[in-house]
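Residue-level structural notes
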Amino acid sequence: MRVIYSDEMRILDHKMIIENKIPGLILMENAAEGLYKACIEYGGRDAKFVIFCGNGNNGGDGFALARKLFCDGVHVKVVLIGSKNDLKGDAKINAGFFIKRKLLNYIETIIDIDITLKDI
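Since this is a predicted model, take the numbers as computed values, not measurements.

This brings us to the overall build of the protein. The helix and strand tally for the protein stands at five helices and three strands. A compact globule built from 120 residues would reach a C-alpha radius of gyration of about 14 Å, and the protein, at 15 Å, matches this within 12%. In terms of principal-axis extent, the alpha carbons of the protein reach across some 45 × 35 × 30 Å. Counting over 120 residues, the protein shows a buried share of 34%. Taking all contacts inside the protein whose residues are at least 6 apart in sequence as the whole, residues at least 24 apart take part in 74%.

Turning our attention to the pairing of strand β3 (residues 104-107). Strand direction decides the pairing type here: strand β2 (residues 75-81) and β3, joined by four bridges, are parallel. The partner of V79 across the bridge, within β3, is N105. Read from β2 through helix α4 (residues 89-100) to β3, the crossover connection turns out right-handed.

Cut-offs applied
Residues numbered from 1 in each chain as written. Predicted model: local features only at pLDDT ≥ 70, side-chain atom pairs only at ≥ 80, totals over all residues. Heavy atoms only, no water. Helix = DSSP H or I, 4+ residues; strand = E, 2+ residues; numbered from the N terminus. Rg over C-alpha atoms; globule rule 2.2 N^0.38 Å. Buried < 20%, exposed > 50% of the residue type's maximum accessible area, 1.4 Å probe, protein only. Contact = heavy atoms within 4.5 Å. Pairing = 2+ DSSP bridges. Right-handed = clockwise from strand over helix to strand, strands pointing away.

Below is the structure:
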């Protein structure tokens, strides 16, 4: 298996968005769909998932995955590592689903990390 590093992925995403006119949100949905299938296959619908998301596009993938799990009735907890004020672009759009419903948990300090780990 070949690992693609973040700088390589950024280039690939940029090419898909610019050259092939595929919006970033569509790329996130495709990534989330693949991850969703793997979660269901390996964990099952009765599993409990915790998705940690950052402020960037990888975080957007995580939010999209969490939304798919949530909408399918799977138990999922979503944790943003950072401030919602730092969310940007497509990640902010996908995080909005959880922010609107007050379902987003935050890790902004060491204390938040301890609380989150105990909760898990």
